[in-house]
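# Architecture and fold: a report
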Amino acid sequence: MTITPANTQKKTDLLAFTLPQLQQWLVECDEAPFRAKQIYSWLYQHLATDFSAMTNLPQALRQRLAEEATIGLVIVRSELHSKDDRTRKILLELADGKLIESVLMLYPPLGENSPRATVCVSTQAGCAFGCTFCATGQMGFDRHLSASEIVAQVLFFARELRAVPWTAAGLPRSAPIDHITNIVLMGMGEPLHNYDNVLQALRILNSADGFNLGARHMTVSTVGLVPAIRKLSQEPLQVNLAISLHAPTDELRSQTMPVNRKYPLQELLSACQDYIAATKRQVTFEYVLLAGVNDTAEYAHRLGELLAPLKQYAHVNCIPVNATSASYKAPGPKAIRAFRDILFEHGVSNSVRAERGDDIAAACGQLRTRFEKKRA
Ligand code: SAH
Ligand code: SF4
């Protein structure tokens with residue numbers, strides 16, 4: 001993982017390729033295309049970081065790959081583990097010096113739920129959409145991440161868990177987790193603004209010859225880019241969709257989420273309805289709770305009325321805001337309960353996201369902001 005970009009600028013980054021593209025590249029290099037499957041297995045099943053480990057490849061090919069190719073181009077600048085070690089966060093430096101964050105969240109088995117290891121992936125350096133409660137939004141947009149830079153974040157944590165499987169402290173019966181079970185595109189950036197690279201990364205991670213993570217274990221979260229939601233509904237790769245709703249009226253939503261002026265609620269909900277009709281899949285609506293702003297009984301009723309027509313296809317995830325600035329506060333448990341009960345009255349299923357990793361600045365954008373202040 002920790003590859004110095006010094007002499008790697010002109011090398012071909014293998015993490016950018018799907019299997020057919022890797023075959024194609026080998027053909028262009030006058031190598032046998034069947035080697036692609038072997039290399040893919042080394043990259044995504046053995047999680048190799050070095051071509052010398054690829055022992056079923058001829059020595060000459062290993063040598064050539066070492067000279068002409070790389071396995072990702074990112075450097076880990078900092079890694080933090082929460083006190084309970086259920087949340088881990090890394091700060092990655094990209095080849096051009098840009099900084100991004102990724103988070104690993106570990107969930108021990110609970111009742112009938114099997115244990116989970118979820119990577120929260122960044123898709124852009126910064127973000128162009130400027131939501132007022134979001135630390136990334138306040139940074140502005142730097143650039144899109146490449147498919148390889150997205151894949152590399154998942155591989156980093158996959159290798160870490162493979163090397164040292166994780167067991168919940170104080171839970172003797174919990175089996176160790178040694179692999180990534182889920183990925184959520186909820187780190188820095190807007191995934192559907194970087195549509196092609198994101199889909200390429202998801203196809204790579206989905207490949208049965210490689211990492212083999214099922215599409216149902218992948219979640220794309222979007223600020224609500226209507227044309228891209230419609231495009232996603234037509235993809236053969238059927239991932240989970242989460243919509244950042246955060247307000248049930250145009251007036252309020254436009255205040256906290258400037259994108260609402262371009263794609264107002266009616267258009268967004270209509271795209272969600274068409275998505276549901278095309279995919280027959282449930283959509284999650286994320287609702288960041290901002291005390292005194294969007295968490296009143298009136299807004300709960302408005303939200304219930306807005307989503308009730310979607311019936312069992314809508315699920316609301318209430319997320320107490322992770323305060324990144326003094327302007328917003330999370331409501332207390334009583335207010336959250338009251339908000340949720342009103343949604344239930346409207347027949348809208350909902351849950352609340354447990355807060356995580358407060359001690360390591362887990363809200364995306366916070367670690368980079370802190371690192372940059374220190375560096376300055
Ligand atoms: N750009 C995409 C995905 C990245 S943000 C999107 O907006 O959906 C992932 C989720 O975190 C979104 O629901 C976003 O609204 C939420 N989020 C942003 N800032 C937050 C904060 N300070 N506290 C809690 N959730 C936040
Ligand atoms: Fe961008 Fe999502 Fe943050 Fe909004 S919430 S600024 S879309 S990353």
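The structure reproduced in this document is the subject of the present report. (Residues numbered from 1 in each chain as written. Chains lettered and ligands numbered in written order. Predicted model: local features only at pLDDT ≥ 70, side-chain atom pairs only at ≥ 80, totals over all residues. Heavy atoms only, no water.)

### Focus on the site of ligand 1
Rules: For this purpose, a residue is taken to be near a molecule or strand whenever a single non-hydrogen atom of the residue falls within 4 Å of it. Side-chain atoms alone can form a polar contact between residues adjacent in sequence; in general such a contact is a pair of N or O atoms within 3.5 Å, and within protein one must be able to donate a hydrogen while the other accepts it. Only the protein chains shown count as covering a residue, and every accessible area follows the Shrake-Rupley method with a 1.4 Å probe. All amino acids are sorted into three groups, where Ala, Val, Leu, Ile, Met, Phe, Trp, Tyr, Cys and Pro are nonpolar, Asp, Glu, Lys and Arg are charged, and the leftover types, Gly among them, are polar.
Around ligand 1, the surrounding shell holds 19 residues, and the nearest of these are G189, S221, S244, H246 and N322. Measuring from an oxygen atom of ligand 1, one finds a side-chain N or O atom of E286 at 3.0 Å. In isolation ligand 1 has 530 Å² of accessible area, and contact with the protein removes 89% of it. Across the shell around ligand 1, the residue classes break down as nine nonpolar, eight polar and two charged.

### Some thoughts on the pairing of strand β6 (residues 116-120)
We count it as follows: Think of it in three bands: residues with accessible area under 20% of the maximum for their type are buried, residues over 50% are exposed, and the middle band is partly exposed, with areas taken using a 1.4 Å probe on protein chains only. Runs of H or I in DSSP of at least four residues are treated as helices and runs of E of at least two as strands, each being numbered from the N terminus. For two strands to count as paired, DSSP must find a minimum of two bridges between them.
Among the five residues of β6, four are classified as buried, and the element is accordingly described as predominantly covered. As paired elements, strand β5 (residues 99-107) and β6 share five bridges and run antiparallel to each other. Bridging from a neighbouring strand, V103 pairs with C120 of β6. Alignment of β6 against strand β9 (residues 182-185), held across three bridges, turns out to be parallel. Bridge pairing in β9 places V119 opposite I183.

### Some points on the site of ligand 2
In the vicinity of ligand 2, the contacting residues are C127, F129, G130, C131, C134, G137, G189 and V223. For the shell around ligand 2, the per-class residue count stands at five nonpolar, three polar and no charged.

### Describing the packing of helix α9 (residues 297-307) against helix α10 (residues 333-345)
Any two packed helices are characterised by how steeply their axes cross, that is the angle between the axes, and by the distance between the axes. Rules: Fitting a line to C-alpha atoms yields each axis, with helices limited to the stretch in contact; the angle taken between N-to-C directions then spans 0 to 180 degrees. Two helices that cross are described as forming a left-handed crossing if the nearer one is turned anticlockwise from the farther one by less than a right angle, and a right-handed crossing if clockwise. The contact criterion used throughout is that any non-hydrogen atoms of two residues lie within 4.5 Å.
Here α9 crosses α10 at 30°, and the two axes come no closer than 8 Å. Crossing handedness for the pair α9 and α10: right-handed. Contacts from A297, Y299, A300, H301, L303 and G304 in α9 reach F339, I342, L343 and E345 in α10. In the contact of α9 with α10, the residues fall into seven nonpolar, two polar and one charged.

### Description of helix α8 (residues 265-279)
The line we're drawing: Helix span, expected: 1.5 Å multiplied by one less than the number of residues in the helix. By definition, the arc is the one covered by directions from the helix axis to the C-beta atoms.
For α8, with 15 residues, the first-to-last C-alpha span of 21 Å sits near the 21 Å given by 1.5 Å per residue. Here α8 has its buried residues at L265, L268, L269, A271, C272, Y275, I276 and T279. The arc that holds every buried residue of α8, seen down its axis, measures 155°, which confines them to one face. Buried residues along α8 sit against α6 (226-232), β11 (240-244), α7 (250-256), β12 (283-289) and α9. A positive phi of about 60° marks K280, the residue just after α8.

### Side note on unusual backbone geometry
Phi is mostly negative for residues that are not glycine, and the peptide bonds are mostly trans. Phi angles above zero are rare outside glycine, and D85 is one such case at about 60°. Structurally, D85 can be placed in the loop between β3 (75-81) and β4 (87-93). Within the chain, H246 stands out as a residue other than glycine whose phi angle is a positive 65°. As for its position among the elements, H246 is in the loop between β11 and α7. Using a relative accessible area of 5% as the deciding quantity, one classes H246 as buried.

### As for the pairing of β11
Looking down a regular strand, the side chains alternate between one sheet face and the other. To keep it simple, the criterion reads: For crossovers, right-handed means that the path from the first strand over the helix to the second runs clockwise, given strands pointing away from the viewer.
Where burial is concerned, most of β11 is hidden: four out of the five residues are buried. Relative to β11, strand β10 (residues 218-222) runs parallel, the two sharing four bridges. Paired with T222 across the bridge in β11 is I243. This β-α-β element, β10 to α6 to β11, shows right-handed connectivity. Relative to β12, β11 is paired through four bridges, and the arrangement is parallel. In the strand pairing of β12, S244 is matched with E286.

### Let's talk about helix α4 (residues 147-163)
Compared with an ideal rise of 1.5 Å per residue, which puts 17 residues at 24 Å, α4 spans 24 Å between its outermost C-alpha atoms and is within 8% of the ideal. Within α4, 15 of the 17 residues are buried, which leaves the element mostly enclosed by the surrounding structure.

### Overview of the pattern of salt bridges
Note the threshold: Each salt bridge in this description consists of a side-chain nitrogen of Lys or Arg and a carboxyl oxygen of Asp or Glu lying within 4 Å of one another.
Inspection of every chain in the model, using the stated rule, returns 15 salt bridges. Of the charged contacts, one joins D96 and R143 as a salt bridge, the two residues approaching to 2.7 Å between their closest N and O atoms. Highlighted residues: D96 in the loop between β4 and β5 and R143 in strand β8 (residues 141-144), separated in sequence by 47 residues. Among the residues examined, D96 registers a relative accessible area of 44% and is labelled partly exposed. Under the relative-accessibility criterion, R143 is labelled partly exposed at 22%. Residues joined by salt bridges that share partners form a network here, namely E31, R64 and E68.

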